[in-house]
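Coordinate analysis (summary)
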Amino acid sequence: MEKVIDENKQGETLVTQQKTDNSRKLYIESYGCQMNFSDSEIVASILANEGFNTTQQLEEADLVLVNTCSIRDKAEQTVRKRLEKFNAVKKINPDMKVGVLGCMAERLKSKFLEEEKIVDMVVGPDAYKDLPNLVKEIDEGRNAVNVILSKEETYGDIAPVRLNSNGVSAFVSITRGCDNMCTFCVVPFTRGRERSRDPQSIIEEVNDLWERGFKEITLLGQNVDSYLWYGGGLKKDFEKASEMEKATSVNFAKLLSMVAEAQPKMRIRFSTSNPQDMTLDVIETMAAYRNICKYIHLPVQSGSNRMLKEMNRLHTREEYFELIDNIRKILPECGISQDMITGFPTETEEDHQDTLSLMEYVKYDFGFMFAYSERPGTLAARKMEDDIPEEVKKRRLTEVINLQQKHSAYRTLQHVGKTEEVLIEGNSKKSDQHWMGRNTQNTVVVFPKEHYKVGDFVNVKINECTSATLIGEAIGHSENN
Ligand code: SAH
Ligand code: F3S
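Treat the numbers as computed from the prediction; the structure is a model and nothing was measured.

Conventions we followed
Residues numbered from 1 in each chain as written. Chains lettered and ligands numbered in written order. Predicted model: local features only at pLDDT ≥ 70, side-chain atom pairs only at ≥ 80, totals over all residues. Heavy atoms only, no water. Domains from an automatic or database assignment. Contact = heavy atoms within 4.5 Å. Buried area = accessible area lost by both parts, 1.4 Å probe. Salt bridge = Lys/Arg side-chain N within 4 Å of Asp/Glu carboxyl O. Polar contact = N/O pair within 3.5 Å; in protein donor to acceptor, adjacent residues only side chain to side chain. Helix = DSSP H or I, 4+ residues; strand = E, 2+ residues; numbered from the N terminus. Nonpolar A, V, L, I, M, F, W, Y, C, P; charged D, E, K, R; others polar. Pairing = 2+ DSSP bridges. Axes fitted to C-alpha atoms, helices over the stretch in contact; angles between N-to-C directions. Near = heavy atom within 4 Å. Areas by Shrake-Rupley, 256 points an atom, 1.4 Å probe, with all protein chains shown as cover.

1. Quick notes on the domain arrangement of the chain
Accessible area lost upon the coming together of the parts is a frequently used measure of interface size. Under the domain assignment, the chain is made up of domain 1 (4-146), domain 2 (162-413) and domain 3 (419-477). One C-alpha centre belongs to domain 2, the other to domain 3; they are set 26 Å apart. If you look at the interface, domain 2 gives 19 residues, while domain 3 gives 20 residues. A buried area of about 1500 Å², summed over both sides, lies between domain 2 and domain 3, and 52% of it is on carbon and sulfur atoms. Of all residues in domain 2, Val168, Arg267 and Thr412 give up the largest surface area on contact with domain 3, accounting jointly for 36% of the area buried on that side. The interface formed by domain 2 and domain 3 holds 1 salt bridge in total. Between Glu421 and Arg290 there is a salt bridge, with the nearest N and O atoms lying 3.3 Å from each other. Linking domain 2 to domain 3 there are 9 residue pairs in polar contact (both at pLDDT 80 or more). At the level of elements, strand E13 (267-271) and helix H16 (390-413) are the ones that each hand at least two residues to the side of domain 2 that touches domain 3. Take the side of domain 2 that touches domain 3: its biggest share by element is 4 residues, from H16. Residue composition of the side of domain 2 that touches domain 3, by class: 7 nonpolar, 4 polar and 8 charged.

Laid out in structure tokens, this is it:
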């Protein structure tokens with residue numbers, strides 16, 4: 001373990017030490033992917049055992065943690081801005097300690113302490129179980145760093161504290177890390193090797209959520225389709241497993257059916273699917289269970305075979321189309337969404353046109369689109385020049401976004417006139433007279449509240465829509481209640 005001891009800081013901690021443990025307040029903020037939000041719930045649980053209660057009030061916090069994202073430069077800048085804000089608060093509350101968690105912690109390691117004086121503690125995504133020790137270090141006035149990545153840690157034994165929860169939907173993490181090495185992506189460096197969580201602990205968490213009134217879960221992983229449990233260990237070591245371990249192994253399709261059967265009324269979602277690993281088995285399992293939502297987030301990044309190769313995405317445009325065709329055949333009602341990157345090194349206008357034509361073929365329901373941002377240490381950063389001018393990246397991005405908006409509007413319109421099952425999540429953003437929920441495809445639906453309540457499954461007749469929201473009226477509870 002790497003622990004940095006800052007001698008200068010000793011001696012200024014008596015006040016913190018004298019506080020009774022029960023009175024300590026934790027303020028935790030998360031940026032980036034759903035996995036980070038899920039990890040923060042694990043962190044809150046670990047620190048609850050140390051006597052920390054969470055607070056929404058930054059000013060009253062004894063410990064401020066920020067769970068960070070490194071995926072694009074802009075995400076890192078956002079965190080640095082927040083640290084400035086924490087700095088200002090520390091002037092009012094000098095005993096406040098600040099820790100950074102997550103991907104930036106892993107990427108920058110103890111450099112963080114030098115670059116940002118406000119930071120007392122740096123903890124990587126696999127080191128959260130060490131937090132009790134690390135907090136002790138900072139209590140005693142030393143800086144603390146643990147950024148060791150693990151080959152086993154899945155936090156399967158930790159019951160997350162649900163933060164900012166609507167009481168209806170929750171994340172359940174099933175894999176950690178990523179072995180894919182897409183050349184643009186920093187995740188394999190910040191989150192380490194891919195490992196899967198014991199299915200039994202996943203089922204237990206899902207059962208517990210159901211008992212506590214939750215109605216929808218999202219199984220989380222960077223690449224859920226590559227989930228593989230054979231008693232623990234890295235995916236890449238599966239070949240070395242015993243015959244018994246291989247025979248009783250659980251892949252993603254099997255896990256999905258186990259979860260769907262454990263709680264037949266719980267809605268099940270999952271993210272993210274990777275085209276190179278998504279199997280027909282998974283699609284067929286989705287078709288076999290009504291409680292598995294008909295929605296697939298299927299990032300492709302580019303429509304050009306040459307770009308896909310440079311990005312080390314291990315499938316072609318044609319193979320992607322084949323997968324889309326299979327989804328449409330087996331799950332005709334399925335919603336599909338994308339992630340797209342514009343301006344990856346060497347991308348030509350022709351490559352960009354390939355992206356637009358791929359989008360025309362699929363007509364995605366939703367999309368998450370980004371201009372390429374070079375990340376230090378990735379293969380692309382080491383081997384390729386970031387040679388597409390910013391204005392070209394931005395112009396291509398705008399074209400991709402505009403086309404996606406057109407397709408989203410087209411897809412949304414297809415729901416009008418239908419009656420769809422919606423799970424009520426809470427108030428509509430625009431009106432407290434209306435509920436907001438989602439249909440199985442993950443499209444937002446709003447409708448008058450009447451006598452329905454949060455957590456109800458209702459059949460909603462869709463009467464009209466905006467480009468991204470469906471508007472309707474409830475015609476009764478669905479059979480799922
Ligand atoms: N595991 C997921 C993606 C995780 S990162 C997958 O299989 O695709 C989420 C998204 O951020 C990616 O899909 C990609 O579109 C985007 N992204 C990742 N690195 C990026 C970079 N360097 N620049 C711009 N966008 C990036
Ligand atoms: Fe990143 Fe590719 Fe994994 S986008 S998270 S390396 S699948």
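2. Regarding the sheet that holds strand E5 (residues 121-123)
Strand order across the open sheet formed by 6 strands is E2-E1-E3-E4-E5-E6, with parallel pairing between neighbours. Single-partner strands in this sheet number two, and they are strand E2 (52-54) and strand E6 (144-146). Pairs of neighbouring strands in the sheet enclose a mean axial angle of 25 degrees, with direction left out of account. As defined by bridge partners, strand E1 (residues 24-30) adjoins E2 across 3 bridges and the pair is classed as parallel.

3. Focus: the site of ligand 1
Within the structure, ligand 1 sits among 16 residues, and Phe184, Gln222, Gln301, Asp339 and Ser373 are positioned closest to it. Arg72 is positioned with one of its side-chain polar atoms (N or O) 3.1 Å from an oxygen atom of ligand 1. One nitrogen or oxygen atom from the side chain of Asp339 is found 2.6 Å from an oxygen atom belonging to ligand 1. Here ligand 1 loses 90% of its free accessible area of 540 Å² to cover by the protein chains. Of all the secondary structure elements, the ones that give two or more residues to the shell around ligand 1 are strand E15 (335-342) and strand E16 (366-371).

4. Considerations on the sheet that holds E13
One open sheet holds the 3 strands; their spatial order is E7-E10-E13, and the pairing between them is parallel. Here the strands that pair on one side only, and so sit at the sheet edges, are strand E7 (169-173) and E13. Neighbour-to-neighbour, the strand axes of this sheet turn through a mean angle of 25 degrees, independent of strand direction. Taken strand by strand, helix H8 (residues 199-211) contacts E7 and strand E10 (216-220), and its axis lies near 170 degrees from that of E7.

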